[in-house]
Amino acid sequence: MEQFAFIVALLLIGMALQRADAPADFSKSLNFFVIYVSLPATVLLQVPKIDFDLSALGIVLVPWLLLPIIAAIVVLMTRNQPLHVRAALLLVIPLGNTSFVGIPIVQTLLGDNAIPYVLMYDQFGTFLMLSLYGSAVIARYESGVFHKRLILKKLLLFPPFLILLFALGWGEMPAQSQPYLQILSSTLVPLALVSVGYSLKLRGEVDYPLFAKALALKLLLMPLIAFGILRLMGADFLALQTGVLESGMPSMITAGALAIAAGFAPALSAALVGYGILVSLVTLPMIAYLMETVR
């Protein structure tokens, strides 16, 4: 409970800093350090602990299996909505905040042993989907060109992804380096959550009935479907818990930012990201508790 209170406190600190005289690129600077230092250090420490069995395979597959299901539901849900609203939901619902929010919350609810699974879900699932699927949605609904080479280049040069490939090939890091990697890794949670809190935008007029349906789809139906998929695949309980919680994470801030920048229902996109994070602080512990009861 203390750890969860710490998560809330960090989000509140970030939100309070919105009123401070912070540098213009404050959030970007925090994100830059997290992406280029904190997350790679975490990857180097945690990825070598992964046992590549059916459970690990399920963690990698479940976000990709969820994607067409959720996209189809979004299309049905928005059949009477403008195309820019459909585009917004196609971006912000399938893509969850599986690292900046996912790592600290899963660590709090399930412990350190779940972190390797979180990294597998995030890097081979969410990150690849943002690069490939997210770019395809923007290209489809916004006038522009789908640059395949540029997307591939960004994918192959993304530091945590490169470090992930290195960690998979190298294995456990030398014992002398691990205390220093642990120090760098420990910066991930506070910096990421302060950045998330600083980036929260809760204003703007939205279509509340559609917003409520979209939020329920993101935070409740997605983890329920993920539970069924992982149960059918025979994943071990920790992998199942991790995959379900990662599937129920609130919308990715980057996906929301892309939707807003492209003009895809900006108020709705911002509300789903901002309020989604706050509501997930209730839904995720509830989902974790329910999974324990049906174990």
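Just above sits the structure.
The rules behind each value
Residues numbered from 1 in each chain as written. Predicted model: local features only at pLDDT ≥ 70, side-chain atom pairs only at ≥ 80, totals over all residues. Heavy atoms only, no water. Helix = DSSP H or I, 4+ residues; strand = E, 2+ residues; numbered from the N terminus. Rg over C-alpha atoms; globule rule 2.2 N^0.38 Å. Buried < 20%, exposed > 50% of the residue type's maximum accessible area, 1.4 Å probe, protein only. Contact = heavy atoms within 4.5 Å. Areas by Shrake-Rupley, 256 points an atom, 1.4 Å probe, with all protein chains shown as cover. Lys, Arg positive; Asp, Glu negative; His and termini not counted. Charge placed at Lys NZ, Arg CZ, Asp CG, Glu CD. Phe/Tyr/Trp six-rings, centres within 6.5 Å; stacked < 30°, edge-to-face > 60°. Core = buried A, V, L, I, M, F, W, Y, C linked by side-chain atoms within 4.5 Å.

Some thoughts on the overall build of the chain
No. 1: Scanning the chain from terminus to terminus reveals 14 helices and 0 strands.
No. 2: Listed by position from the N terminus, the elements making up the chain come as α-α-α-α-α-α-α-α-α-α-α-α-α-α.
No. 3: In terms of overall size, the chain behaves like a compact globule, its C-alpha atoms giving a radius of gyration of 18 Å where 295 residues would be expected to give roughly 19 Å.
No. 4: With respect to the principal axes defined by its C-alpha atoms, the chain has extents near 55 × 50 × 45 Å.
No. 5: Looking at the chain residue by residue over its 295 residues, the buried ones come to 52%.
No. 6: Counted over contacts in the chain with a minimum sequence separation of 6, partners at least 24 positions apart contribute 86%.
No. 7: Carbon and sulfur atoms make up 66% of the accessible area of the chain, which amounts to about 13,900 Å² in all.
No. 8: Here the chain holds 16 positive side-chain charges and 14 negative ones, and the gap between their average locations is 12 Å.

Details of helix 12 (residues 237-247)
No. 1: The element helix 12 is largely enclosed, with a buried count of 10 among its 11 residues.
No. 2: Of the residues making up helix 12, those classed as buried are F237, A239, L240, Q241, T242, G243, V244, L245, E246 and S247.
No. 3: Those residues of helix 12 hidden inside the fold are in contact with helix 3 (54-77), helix 5 (102-110), helix 6 (115-141), helix 11 (208-233) and helix 14 (266-293).

Some points on the side chain of T98
No. 1: Locating T98 in the fold gives a position in the loop between helix 4 (83-92) and helix 5.
No. 2: For T98, a relative accessible area of 2% puts it in the buried group.
No. 3: Ignoring any residue separated from it by four or fewer positions in sequence, one finds T98 in contact with I103, V118, Y121, D122, T126, E246 and M249.

Quick word on the packing of aromatic side chains
No. 1: Here the structure, examined in full by the defined rule, presents 5 aromatic pairs.
No. 2: Between the aromatic rings of F26 and Y198, the centroid separation amounts to 4.9 Å while the plane-to-plane angle is 70 degrees, which identifies the pairing as edge-to-face. Residue F26 is found in helix 2 (residues 26-46), and its partner Y198 is found in helix 10 (residues 188-199); the two are separated by 172 residues along the sequence. Just as F26 is buried, Y198 falls in that class too.
No. 3: Each ring, one from F32 and one from Y36, has its centre 4.4 Å from the other, and the planes form 25 degrees; the classification is stacked. Note that F32 and Y36 are positioned in helix 2 at a spacing of 4 residues, about one turn of the helix.
No. 4: Owing to a relative accessible area of 51%, F32 belongs among the exposed residues under this scheme.
No. 5: The structure contains a cluster of three or more aromatic residues connected by ring pairs, namely Y208, F211 and Y275.

Some details on the nonpolar core
No. 1: Counting residues in hydrophobic clusters, the biggest one holds 102 residues, and the most contacted among them are L66, L89, I93 and L245.
No. 2: Examining the composition of this core, we find that 14 residues originate from one element, helix 6, more than from any other.
No. 3: Those residues in contact with L245 that sit more than four places away from it in its chain are V106, L109, L110, L284, I287, A288 and M291.

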